[in-house]
Amino acid sequence: DTGVSQDPRHKITKRGQNVTFRCDPISEHNRLYWYRQTLGQGPEFLTYFQNEAQLEKSRLLSDRFSAERPKGSFSTLEIQRTEQGDSAMYLCASSLSGTDSNYGYTFGSGTRLTVV
Amino acid sequence: RKEVEQDPGPFNVPEGATVAFNCTYSNSASQSFFWYRQDCRKEPKLLMSVYSSGNEDGRFTAQLNRASQYISLLIRDSKLSDSATYLCVVFPDSWGKLQFGAGTQVVVTP
C-alpha cells in the first residue's frame, strides 16, 4: 500500500452530466475525507467518514453531491447535473483516528474536474 | 472572517536567504497545527507539525504563539526546490477536521 489513490486523475465533462470519483485510502486508515480546492484557495472540507459511517457533511455539499464508503474501505464521490462552478480539484485524504491530531492526513493526488 | 488566514505572497526569496511568514487562526481552542507544502497542481503534503515549544526540521523552524493565535514558518538557506505554496493547517478539536489557510506562495530565485 503506497498511499491514497484517486481515480481518475483528470475528468472533463459537459455541464449537466454526472461524474463519479473513486478514492482508495491507506488500508489501515479508518477515516476518509473529501476536500475541494479551487485555484488560489486552500482545500475546503466537504465530508468525512469513519469506517462506513458518514459523520459530517459541509454546507458546501449541495444535494447534487453524494458520497459513499460502503464497506469502510474505498469511497466514491458523485456529482449529479454538473455545473461550471463544480470545476475544481477534488482531494481525498485518510487518517487513523487517534493519530490525526499528531500526524495530520495523507492526501491522494486528487481528481481535477473541468466542467465545460 | 476566515478561520485560518495567511498572507498569499508571493514571497520572492534569493537562493540561500531566509524567509519567514505567519498564519493566524480564529479558534482559540484549536488543538494541533501543521504546515503542509503544496507544489503546483499537486496534492498537499505534510511538511511538519507545530509544537507548543517550537520545533525545527532541518532548515525549517515552526513556532506557535497561542496567546496571539498565530503560527509561523521560517525557512533558512532557501533552495530552489523550496518554491511552493505553504499551507497553514489547524486541527480544531478531537472531532474536527483539518482547516486550511489559502496558502503562502514562496518563490526562490537563483
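Heads up: the structure comes first, above all this text.
Note that the structure is a prediction, hence the values are computed from the model and not measured.

Undergrad: Help me get a handle on the overall build of chain B, residues and values and all.
TA: The helix and strand inventory of chain B stands at zero helices and 11 strands. Whereas a compact globule of 110 residues would reach a radius of gyration of roughly 13 Å, chain B reaches 13 Å, a difference of no more than 12%. Taken along the three principal axes of its C-alpha coordinates, chain B extends 45 × 30 × 20 Å. For chain B, the accessible area works out to roughly 5300 Å², and carbon and sulfur atoms hold 48% of it. Considering chain B, the positive charge centre built from 11 side chains and the negative charge centre built from 11 side chains are found 3 Å apart.

Undergrad: Provide a residue-level description of the state of the cysteines, including the pertinent values.
TA: Tallied over the entire structure, the rule returns two disulfides over all chains. Bridging Cys23(A) to Cys92(A), the disulfide has an S-S length of 1.9 Å. The disulfide joining Cys23(A) to Cys92(A) has a torsion of about -70° about its S-S bond and is therefore left-handed. Of this pair, Cys23(A) sits in strand β3 (residues 19-24) while Cys92(A) sits in strand β9 (residues 88-95), and the two are 69 residues apart along the sequence. In terms of burial, Cys23(A) and Cys92(A) fall into one category: buried. Cys23(B) shares a disulfide with Cys88(B); S-S distance 1.9 Å. Around the S-S axis, the bridge from Cys23(B) to Cys88(B) shows a dihedral of about -55° and counts as left-handed. Taken together, the residues Cys23(B) in strand β3 (residues 19-25) and Cys88(B) in strand β9 (residues 84-91) connect sequence positions 65 residues apart. Of the two residues examined, Cys23(B) and Cys88(B), each falls in the buried class.

What counts and how
- Residues numbered from 1 in each chain as written.
- Chains lettered and ligands numbered in written order.
- Predicted model: local features only at pLDDT ≥ 70, side-chain atom pairs only at ≥ 80, totals over all residues.
- Heavy atoms only, no water.
- Helix = DSSP H or I, 4+ residues; strand = E, 2+ residues; numbered from the N terminus.
- Rg over C-alpha atoms; globule rule 2.2 N^0.38 Å.
- Areas by Shrake-Rupley, 256 points an atom, 1.4 Å probe, with all protein chains shown as cover.
- Lys, Arg positive; Asp, Glu negative; His and termini not counted.
- Charge placed at Lys NZ, Arg CZ, Asp CG, Glu CD.
- Disulfide = S-S within 2.5 Å.
- Buried < 20%, exposed > 50% of the residue type's maximum accessible area, 1.4 Å probe, protein only.

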